[in-house]
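Close look at the chain arrangement
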Amino acid sequence: MLLAVDCGNTNTVFSLWDGKSFMGMWRTATDWKRTADQYFVWLDTLMKLQGIDAKITDMIISSTVPRVVFNLRVLSDRYFDTRPLVVGKSDCLLPVDVRVDTGTTVGPDRLVNTVAGYDKHGGDLIIVDFGTATTFDVVDLDGAYVGGVIAPGVNLSLEALHQAAAALPHVDISKPQAVVGTNTIACMQSGVFWGYVGLVREICDRIRAERGTEMKVISTGGLAPLFQQSADLFDAFEEDLTMHGLQIIHSYNKDVGTSE
Ligand SMILES: Nc1ncnc2c1ncn2[C@@H]1O[C@H](COP(=O)(O)OP(=O)(O)O)[C@@H](O)[C@H]1O
Ligand SMILES: CC(C)(COP(=O)(O)O)[C@@H](O)C(=O)NCCC(=O)O
Ligand SMILES: [K+]
C-alpha cells in the first residue's frame, strides 16, 4: 500500500492507497517539529480506529514546507522500511513537462495539482488552490505546467487585517448575506469574500486573454467549497486533487523504474 502525504503550510494530509482507491484521509496541523514517532503513533491509532490493517510498502511526499520532509523521511525509513519519493527532487519524475524560467523552482503542490488536473480534465486548465496561499496553476494543452499566479490566501488576508489594525477582530471567513456590511465582522467578510470572487474572475479572464484560448477552471484546497457554492467561477471542484496527483506520480515512477 502507498502512503501519500500532502504537506501544506497549514495542514498535512495523509492518505492510504490500496491499489484501487484511497482508504481514508487524516489531517494534522503542519508542524516541522513533529517527529517520526509522533506521526506513526497518530497514524497507527487512526487507521486502527477505522479497522484498517495497513501494509505500507511505499510512500510519496509533496511538501511546501521543506523542513517537514526530514521527519517524514525518517517515518518512511523507520516504520515502513522504504525510501520515499519526494516531489520536486530530481529522482522523482513527472509525467508532464514544467516550462518555467530556468533556475526557478515551483511549489511541489502545484506540480501535483497539474498532473492530477490534466489526468482528470485534459489540457488548457487553470487550477485554483485555496490553501494558505491561493495559487493559480496554468496547464498547457499537452499537460505541461507553464506558470501561474500566487495571491495571498483567504484566511491570511483576514488575519493580516486583524494583525495590522487595532480595532479589527479575528474573523472566520464565510459568505456574507450582503455586500454592504452593517457591522465590522460583516464588512471584513464582505471585503475578503467578494474581493476574492473578483480576484478569481479577473485573473482567470486575463489568463484566457493572454493565452488566447478557452480554459477550464478547476477549484481545490481547504477553502474551495466556500467559493464553489457562491458563483459561476469554476467548471469543477475537486476535493482530493492533490492525493490523486500523488498516486499518479508514484505509479508513473514505478512504471518507469520497471521499464528501465
Ligand atoms: N473545512 C474547512 N473550513 C474552514 N476552513 C478550512 C477548512 N479546511 C481548511 N480550512 C482553512 O483553509 C486554509 C487552507 O487550508 P489547506 O488547503 O489545508 O491549506 P494548505 O494546503 O496550505 O495547508 C487554512 O487556513 C485552513 O485553516
Ligand atoms: C505558493 C505556495 C506557498 C502555496 O502553498 P500552500 O498554500 O499550499 O501551503 C507553495 O506552492 C510554494 O511555496 N511555492 C513556491 C513558489 C512557486 O510555486 O513558484
Ligand atoms: K495546497
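Everything here concerns the structure above.
These notes cover the structure that comes with them.

Basis of the calculations
Each residue is numbered by its place in its chain's sequence as written, counting from 1. The naming scheme follows written order: chains are lettered A onward, ligands numbered 1 onward. Whole-chain, interface and lining totals are the exception, using all residues; otherwise, since this is a predicted model, local features are given only for residues with pLDDT of at least 70 and side-chain atom pairs are given and counted only at 80 or more. As a rule here, side-chain values cover all heavy atoms of the structure and leave hydrogens and water aside. Numbered from the N terminus, helices here are DSSP runs of H or I no shorter than four residues, and strands are runs of E no shorter than two. Remark: exposure states derive from per-residue accessible area (1.4 Å probe, protein chains only) relative to the maximum for the residue type, with buried under 20%, exposed over 50%, and partly exposed in between. N or O atoms within 3.5 Å of each other form a polar contact, as long as, within protein, one can give a hydrogen and the other can take it, and as long as residues adjacent in sequence are counted only when both atoms are side-chain atoms. Contacts are residue-level and defined by heavy atoms, with any inter-residue pair within 4.5 Å sufficient. A cutoff of 4 Å decides nearness: a residue is near a molecule or strand if any of its heavy atoms lies inside that distance of it. Values of accessible area rely on a 1.4 Å probe in the Shrake-Rupley scheme; residue burial ignores everything except the protein chains shown. In this classification, Asp, Glu, Lys and Arg are treated as charged, Ala, Val, Leu, Ile, Met, Phe, Trp, Tyr, Cys and Pro as nonpolar, and every other residue, Gly included, as polar. Two aromatic rings from Phe, Tyr or Trp, using only the six-membered ring of Trp, form a pair when their centres are within 6.5 Å; if the ring planes differ by under 30 degrees the pair is stacked, by over 60 it is edge-to-face, and anything between is tilted.

So, about the side chain of Ser-63. Within the secondary structure, Ser-63 is located in strand 4 (residues 58-63). Taking relative accessible area as the criterion, Ser-63 reaches 10% and is therefore assigned buried. Within polar-contact distance, the side chain of Ser-63 engages the backbone oxygen of Val-65 at 2.8 Å. Those residues in contact with Ser-63 that sit more than four places away from it in its chain are Cys-7, Val-68, Val-69 and Pro-108.

Another aspect to go through is the site of ligand 2. Contacts to ligand 2 come from 13 residues, most closely from Asn-9, Gly-107, Asp-109, Arg-110 and Ala-133. Between ligand 2 and Thr-64 there is a distance of 3.3 Å, counted from an oxygen atom to a side-chain nitrogen or oxygen. Residue Gly-107 places a main-chain N or O atom 2.8 Å away from an oxygen atom belonging to ligand 2. Expressed as a share of its isolated accessible area of 470 Å², the protein-covered part of ligand 2 is 74%. Secondary-structure elements contributing two or more residues to the shell around ligand 2 are helix 3 (108-121) and strand 7 (133-139).

A few words now on the site of ligand 1. Lining the immediate environment of ligand 1, one finds Gly-8, Asn-9, Thr-10, Asn-11, Arg-27, Phe-130, Gly-131, Thr-132, Asn-155, Gly-221, Gly-222 and Leu-223. In the model, an oxygen atom of ligand 1 is placed 3.5 Å from a nitrogen or oxygen of the Asn-9 main chain. At a separation of 2.7 Å, an oxygen atom of ligand 1 approaches a polar backbone atom of Asn-11. Across the shell around ligand 1, the residue classes tally to 2 nonpolar, 9 polar and 1 charged.

Within the structure shown, the criterion is met by 10 aromatic pairs. Residues Phe-14 and Tyr-39 carry aromatic rings whose centres are separated by 5.6 Å and whose planes lie at 50 degrees to one another, so their mutual orientation is tilted. Residue Phe-14 is found in strand 2 (residues 11-17), and its partner Tyr-39 is found in helix 1 (residues 36-49); the two are separated by 25 residues along the sequence. In this structure, Phe-14 and Tyr-39 share a single accessibility class: buried. Ring plane angle 5 degrees and centroid distance 5.0 Å describe the contact between Phe-193 and Phe-227, whose orientation is recorded as stacked. Separated by 34 residues along the polypeptide, Phe-193 in helix 5 (residues 184-211) and Phe-227 in helix 6 (residues 224-228) bring together distant segments of the chain.

The quantities given are spatial measurements derived from coordinates; they are silent on function.
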